[in-house]
Amino acid sequence: MTLFFPSFPEINFRNRLEVAGITQFGGAMVQAINRRKLLAKGGILAPAAGLAAIIGADAANADQAAWTVHRIAGTWHVDISFPGPVGNPPEKGLFLFTEAGAVICTNTRIRDLGLGKWLSISSSRFSFTFRHHMYGPDDSWMGTLDIAHSGTVTGNTFSSTGTGTVYNTDGTLAESVSSQVTGVRY
């Protein structure tokens, strides 16, 4: 079995691997490490291996030669607007699109993290879905908000459009609202 390490430029895994006696390195995006060597040298690499296994679980099934980083991967400061007669005020937020296809997001209105996934459509196009739990002023659970968007990345910006669908606690549809997101990489 082979484990895969995504490259994080701010953390120098190469030095840690060399200290552990692992001197052969793969492509720029994915580092493959023999499991036996990892276990033998595990004192240094065990915490990083656990994190990489969690973050990159889907990478173990990917064809390493075909694995590329999509332009949406990274952290974004976003502006969220609601076109039409809905009356919802604009929101600010932070989105994280991981190389493994996960989405983690926050915004100024909903206090819960949004968790979901994104998919590549082409080198500049993508789609994403995520779910927020919604709470009332008294901290009672009010239901969920499911977001489904598709968008385009251009340089250090992206834009997307889609819908937010609100479900009550019993799963019944309460409301569906169109939304637009613009993001700037940071």
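Right above here is the structure, for reference.
Bear in mind the structure is a predicted one, so any value in this text is a computation, not a measurement.

Caption draft 1: Fine view of the environment of Arg-131. Relative to the helices and strands, Arg-131 is located in strand β7 (residues 125-135). Linking Arg-131 and Thr-165, residues 34 residues apart in sequence, is a C-alpha distance of 9.5 Å. Contacts of Arg-131, omitting those with residues within four sequence positions, involve Leu-113, Gly-114, Leu-115, Thr-144, Leu-145 and Asp-146.

Caption draft 2: The environment of Phe-95, seen in detail. In this fold, Phe-95 is placed in strand β4 (residues 91-97). Apart from the residues within four sequence positions on either side, Phe-95 is in contact with Gly-74, Thr-75, Trp-76, Val-78, Ile-104, Cys-105, Thr-106, Phe-128, Phe-130, Phe-158 and Val-181.

Caption draft 3: A look at the sheet that holds strand β3 (residues 74-81). Here eight strands make up a closed barrel; going around it, the order is β3-β4-β5-β6-β7-β8-β9-β10 and the pairing antiparallel. Across the sheet, the axes of successive neighbouring strands diverge by a mean angle of 25°, strand direction being ignored. Summarising the sheet, β4 and strand β5 (residues 102-107) pair through five bridges and their orientation is antiparallel. Within β5, the residue paired with Phe-95 across the bridge is Cys-105.

Caption draft 4: Representation of a nonpolar patch on the surface within the structure. Side chains of Ile-104, Leu-113 and Leu-115 sit close together on the surface and give an oily, nonpolar patch of about 250 Å² of accessible area. Residue position: Ile-104 is located in strand β5. A relative accessible area of 32% places Ile-104 in the partly exposed class.

Caption draft 5: Structural context of the packing of aromatic side chains. Within this structure, the stated rule accounts for 10 aromatic pairs. A ring pair is formed by Phe-128 and Phe-130, whose centres lie 5.9 Å apart and whose planes are at 0°; its orientation type is stacked. Under the relative-accessibility criterion, Phe-128 is labelled buried at 2%. Ring-pair connections join several aromatic residues into one group, and the members of that group are Trp-76, Phe-95, Phe-97, Phe-126, Phe-128, Phe-130 and Phe-158.

Caption draft 6: Spotlight on the nonpolar core. Ranked by size, the top nonpolar core spans 22 residues in total, and within it Ile-72, Trp-76, Phe-95, Phe-97, Phe-126, Phe-128 and Phe-158 carry the most contacts. Only β3, β4, β5, β7, β8 (141-154), β9 (157-168) and β10 (173-185) provide two or more residues apiece to this core. Among the elements that make up this core, the one with the highest residue count is β7 (four residues). Apart from residues no more than four positions distant in its own chain, Ile-72 is found in contact with Phe-97, Trp-118, Phe-126, Val-153 and Phe-158.

Caption draft 7: Representation of the layout of surface pockets. By volume, the largest pocket amounts to about 430 Å³. Residue lining of the largest pocket: 25 residues in total, with Glu-91, Arg-109, Ile-110, Met-134 and Leu-145 positioned closest to the centre. Those elements that provide at least two residues to the lining of the largest pocket are β4, β7, β8, β9 and β10. For the lining of the largest pocket, the element with the most residues is β7, which contributes five residues. Broken down by class, the residue content of the lining of the largest pocket amounts to 13 nonpolar, seven polar and five charged.

Caption draft 8: Looking closely at the side chain of His-149. Mapped onto the elements of the fold, His-149 is located in strand β8. Residue classification places His-149 among the buried residues on the basis of a relative accessible area of 5%. Among the polar contacts listed, one links the side chain of His-149 to the side chain of Ser-160, at a separation of 2.9 Å. At a separation of 2.7 Å, a polar atom in the side chain of His-149 contacts the side chain of Ser-179. When residues no more than four places from it in sequence are discounted, the contact partners of His-149 are Ser-127, Phe-128, Ser-160, Thr-161, Gly-162, Thr-163, Ser-179, Gln-180 and Val-181.

Reading the values: the criteria
- Residues numbered from 1 in each chain as written.
- Predicted model: local features only at pLDDT ≥ 70, side-chain atom pairs only at ≥ 80, totals over all residues.
- Heavy atoms only, no water.
- Helix = DSSP H or I, 4+ residues; strand = E, 2+ residues; numbered from the N terminus.
- Contact = heavy atoms within 4.5 Å.
- Pairing = 2+ DSSP bridges.
- Axes fitted to C-alpha atoms, helices over the stretch in contact; angles between N-to-C directions.
- Patch = residues over 30% accessible without salt bridge, like charges linked within 9 Å, V, L, I, M, F, W, Y side chains within 5 Å.
- Areas by Shrake-Rupley, 256 points an atom, 1.4 Å probe, with all protein chains shown as cover.
- Salt bridge = Lys/Arg side-chain N within 4 Å of Asp/Glu carboxyl O.
- Buried < 20%, exposed > 50% of the residue type's maximum accessible area, 1.4 Å probe, protein only.
- Phe/Tyr/Trp six-rings, centres within 6.5 Å; stacked < 30°, edge-to-face > 60°.
- Core = buried A, V, L, I, M, F, W, Y, C linked by side-chain atoms within 4.5 Å.
- 1 Å grid on protein atoms, 1.4 Å probe; cavity = no way out; pocket = protein on both sides within 12 Å on 5 of 7 lines; lining within 4 Å.
- Points joined across faces, edges and corners; volume = space filled by probe spheres on them.
- Nonpolar A, V, L, I, M, F, W, Y, C, P; charged D, E, K, R; others polar.
- Polar contact = N/O pair within 3.5 Å; in protein donor to acceptor, adjacent residues only side chain to side chain.

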